[in-house]
Amino acid sequence: MLQKYAERYWQLFNEIPRVDQYWAARNFKNGLETGSKILDELAIWAPHGMNEPMRTIQQFCTYEEFLAEREL
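Draft legend 1. Broad picture of the overall build of the chain. Helix and strand counts for the chain come out as 4 helices and 0 strands. In sequence order, the secondary structure elements of the chain are arranged as α-α-α-α. Each of the 72 residues in the chain was classed as buried or not, and the buried ones make up 33%. On the chain, roughly 5500 Å² of surface is accessible, and the fraction owed to carbon and sulfur atoms is 52%. When the 8 basic and 11 acidic side-chain charges of the chain are each reduced to a single mean position, those positions are 4 Å apart.

Draft legend 2. Representation of the layout of surface pockets in the model. Empty space within the largest pocket amounts to approximately 270 Å³. As for the largest pocket, its lining consists of 14 residues, of which Met1, Leu2, Gln3, Ile38 and Phe60 are closest to the centre. The biggest single contributor to the lining of the largest pocket is helix 4 (residues 51-71), with 4 residues. In terms of residue class, the lining of the largest pocket is built from 7 nonpolar, 3 polar and 4 charged.

Draft legend 3. Examining unusual backbone geometry more closely. Positive phi, close to 55°, is recorded for arginine 18, a residue that is not glycine. Take arginine 18: it is sitting in the loop between helix 1 (2-15) and helix 2 (21-30). Here arginine 18 falls in the exposed class, since its relative accessible area comes to 81%.

Draft legend 4. Structural detail: the nonpolar core. Core analysis: the biggest nonpolar cluster contains 17 residues, and Leu2, Phe28, Leu32, Ile38, Met50 and Ile57 have the highest contact counts within it. Secondary-structure elements contributing two or more residues to this core are helix 1, helix 2, helix 3 (37-42) and helix 4. For isoleucine 38, the residues in contact, after removing those within four places along its chain, are Leu2, Leu32, Thr56, Ile57 and Phe60.

Draft legend 5. Representation of the environment of glutamate 33 in the model. Relative to the helices and strands, glutamate 33 is located in the loop between helix 2 and helix 3. The exposure class assigned to glutamate 33 is partly exposed, which follows from its relative accessible area of 49%. Counting along the chain gives 24 residues from glutamate 33 to tyrosine 9, while the straight-line C-alpha distance between them is 14 Å. Setting aside anything within four residues of it in sequence, one finds glutamate 33 in contact with Met1 and Leu39.

Draft legend 6. Spatial organisation of helix 2. Within the sequence span of helix 2, burial applies to Ala24, Ala25, Phe28 and Lys29. Looking straight down helix 2, one finds that the buried residues subtend no more than 135° of arc, so they occupy a single side. The secondary structure elements touched by the buried residues of helix 2 are helix 1, helix 3 and helix 4. The opening residue of helix 2, the one whose side-chain oxygen lies 3.2 Å from the backbone nitrogen of tyrosine 22, is aspartate 20.

What counts and what doesn't
Residues numbered from 1 in each chain as written. Predicted model: local features only at pLDDT ≥ 70, side-chain atom pairs only at ≥ 80, totals over all residues. Heavy atoms only, no water. Helix = DSSP H or I, 4+ residues; strand = E, 2+ residues; numbered from the N terminus. Buried < 20%, exposed > 50% of the residue type's maximum accessible area, 1.4 Å probe, protein only. Areas by Shrake-Rupley, 256 points an atom, 1.4 Å probe, with all protein chains shown as cover. Lys, Arg positive; Asp, Glu negative; His and termini not counted. Charge placed at Lys NZ, Arg CZ, Asp CG, Glu CD. 1 Å grid on protein atoms, 1.4 Å probe; cavity = no way out; pocket = protein on both sides within 12 Å on 5 of 7 lines; lining within 4 Å. Points joined across faces, edges and corners; volume = space filled by probe spheres on them. Nonpolar A, V, L, I, M, F, W, Y, C, P; charged D, E, K, R; others polar. Core = buried A, V, L, I, M, F, W, Y, C linked by side-chain atoms within 4.5 Å. Contact = heavy atoms within 4.5 Å. Arc of directions from axis to C-beta. Polar contact = N/O pair within 3.5 Å; in protein donor to acceptor, adjacent residues only side chain to side chain.

Printed below as a string of structure tokens:
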């Protein structure tokens, strides 16, 4: 679910010309579920652009997939 949200947001972000990176990063964080682990992780940094949160999301999703595979 997180991966799909990130993909949709990234696609929309890239379609809007001249969008403010700070605003986009803040709104991205606002769309995450309250109390989620990734929201806690993203709360550590002040948003300066969209590359950092998207990289963090990708790492988080990869880690979650790894944990899920280990449980099988």
